[in-house]
Amino acid sequence: MKYITKYKSTNYNSRKNSKINLIIIHYTALKNTMDAISHLCSKEKKVSSHYLISQSGIVYYLVDDKYRAWHAGKAFWQDIVDINSVSIGIELDYNPDGKNNKFSFKMISSLKKLIFKLKKKYKISKKNILAHSDIAPFRKKDPGKYFPWKALYSSKLITNIEQTKNGDVKIIENWFHNHNIFSKKKIIILALSLIGYDTRQVYKKPKLYSELLKAYKSRYIYYKNMSKNKEVYIIIMRHLANFLLTK
Ligand SMILES: [Zn+2]
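On a predicted model such as this, the values are computed, not experimentally measured, just so you know. (Residues numbered from 1 in each chain as written. Predicted model: local features only at pLDDT ≥ 70, side-chain atom pairs only at ≥ 80, totals over all residues.)

A few words on the domain arrangement of the protein. Annotation of the protein at the domain level lists domain 1 (12–154) and domain 2 (161–245). Distance between the C-alpha centres of domain 1 and domain 2: 25 Å. Of the residues lining the interface, 13 residues belong to domain 1; the matching set on domain 2 comes to 12 residues. Within the residue set of the side of domain 1 that touches domain 2, elements represented by two or more residues are helix H4 (132–135) and helix H5 (149–154). Taken together, the residues that form the side of domain 1 that touches domain 2 break down as 6 nonpolar, 3 polar and 4 charged. (Domains from an automatic or database assignment. Contact = placed C-beta atoms within 7 Å. Helix = DSSP H or I, 4+ residues; strand = E, 2+ residues; numbered from the N terminus. Nonpolar A, V, L, I, M, F, W, Y, C, P; charged D, E, K, R; others polar.)

So this is what it looks like as structure tokens:
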């Protein structure tokens, strides 16, 4: 796989021996690739990512994988709050309100190749390929509801939750019921917490619960009927069963 290494960002520091185990997908929300490069390489902006992929599928390698790039910001996943230390950040030259408002075929094709390579090199699990909105659901929307997650699971880079067996879902549901947890809201919060989401304040602040569900729905919108709360519950149950049973 070929990268453009002409542009380098100095916005990074040491991972301090943390192992890489997550890949975070972002969009830049900027005008074009050149704007994104100057943004991600500007000392004043204090942000960066390891990779940037253009609309034409060119991959820019801005920060060496071995360093800690600054792309996640205030974030949380699986009780980890310093996401930058354990992740690789990939920015896509995409802006929902710009001319670059399409996830082009070439862009996604390069992204798939890059994820494939990184997954193999660092032994990253399928369930650890995440959206920025997964790790910062109350703050971030990227890569947004139009991002083609389906293309990633068709290429076996992420898991397909819909393939979870009904029997496995029943086991998970029974587990909650056997522990006297019957409220669907409580089950949803616990399930999302086990999967990795930040639910620390969600019990106390009802507004955060709806924001978390909104972030979740936009991430998994390609599953049918995500507009109905009953379907969301079923998808989350499938997701948890899949999560607990996949390596
Ligand atoms: Zn982002």
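With 13 residues, helix H6 (residues 166–178) ought to run about 18 Å at 1.5 Å a step, and its terminal C-alpha atoms sit 18 Å apart, in line with that. Of the residues one or two after H6, asparagine 180 is the one with positive phi, at around 60°. (Expected span 1.5 Å × (residues − 1).)

Turning our eyes to something else, we now look at helix H3 (residues 105–122). The end-to-end C-alpha separation of H3 is 26 Å, in line with the 26 Å expected for 18 residues at 1.5 Å each. Where H3 terminates, the next one or two residues include lysine 123, which has phi positive at roughly 55°.

In this section: the sheet that holds strand E2 (residues 22–27). Taken in spatial order, the 5 strands of this open sheet run E4-E3-E6-E2-E7, and their pairing is mixed. Of all strands in the sheet, those bounded by a partner on one side alone are strand E4 (59–61) and strand E7 (129–131). Averaged over all neighbouring strand pairs, the angle between strand axes comes to 25°, with direction disregarded. Here helix H1 (residues 33–41) sits on the sheet in contact with strand E3 (51–53), E4 and strand E6 (87–92), set at roughly 165° to E3. (Pairing = 2+ DSSP bridges. Axes fitted to C-alpha atoms, helices over the stretch in contact; angles between N-to-C directions.)

Where H6 contacts helix H9 (residues 229–245), the axes come no closer than 9 Å and their chain directions differ by 95°. The angle between H6 and H9 places the two elements in the roughly perpendicular class. Each of Asp168, Val169, Ile172 and Glu173 in H6 lies in contact with H9, whose residues at this interface are Met237, Arg238, Leu240, Ala241 and Leu245. Split by residue class, the contact of H6 with H9 holds 6 nonpolar, no polar and 3 charged. (Parallel < 35°, antiparallel > 145°, perpendicular 65-115°, else oblique.)

This part is about the pairing of E2. Counting buried positions along E2 gives 6 out of 6 residues, so the element sits mostly inside the fold. Residues Leu22, Ile24 and His26 line one face of E2 and the alternating positions Ile23, Ile25 and Tyr27 line the opposite face, and both faces are buried. Judged from the 3 bridges that link them, E2 and E7 form a sheet pairing that is parallel. Across the sheet, isoleucine 25 pairs through a bridge with alanine 131, a residue of E7. (Buried ≥ 20, exposed ≤ 12 C-beta atoms within 10 Å, placed from the backbone.)

What follows deals with unusual backbone geometry. Following aspartate 142, the chain continues to proline 143 via a peptide bond in cis, the omega torsion being 5°. Turning to its location among the elements, proline 143 is positioned in the loop between H4 and H5. Not every positive phi belongs to a glycine, and alanine 29 is a case in point at roughly 60°. With respect to the secondary-structure elements, alanine 29 resides in the loop between E2 and H1. Assessed through the 18 C-beta atoms surrounding it within 10 Å, alanine 29 is described here as partly exposed.

For the rest of this paragraph, the subject is the nonpolar core. Core analysis: the largest hydrophobic core is formed by 43 residues, its most contacted members being Ile23 and Ile135. If you list the elements that add at least two residues to this core, you get E2, H1, E3, E4, E6, H3, E7 and H5. The contacts of isoleucine 23, once residues within four sequence positions are left out, are Ser87, Ile88, Ile90, Ile115, Leu118, Ile124, Asn128, Ile129 and Leu130. Counting residues in hydrophobic clusters, the runner-up holds 17 residues, among them Ile187, Val202, Ile236 and Ala241. (Core = buried A, V, L, I, M, F, W, Y, C linked by C-beta atoms within 7 Å.)

A separate point is the pairing of E6. Counting buried positions along E6 gives 6 out of 6 residues, so the element sits mostly inside the fold. Of the two faces of E6, the one carrying Ser87, Gly89 and Glu91 and the one carrying Ile88, Ile90 and Leu92 are both buried. With 6 bridges connecting them, E2 and E6 associate as parallel partners. Residue pairing for E6: isoleucine 23 is matched across the bridge by isoleucine 88. Here 3 bridges tie E3 to E6, and the two strands are oriented parallel to one another. Among the inter-strand pairings, tyrosine 51 is bridged to a residue of E6, identified as isoleucine 90.

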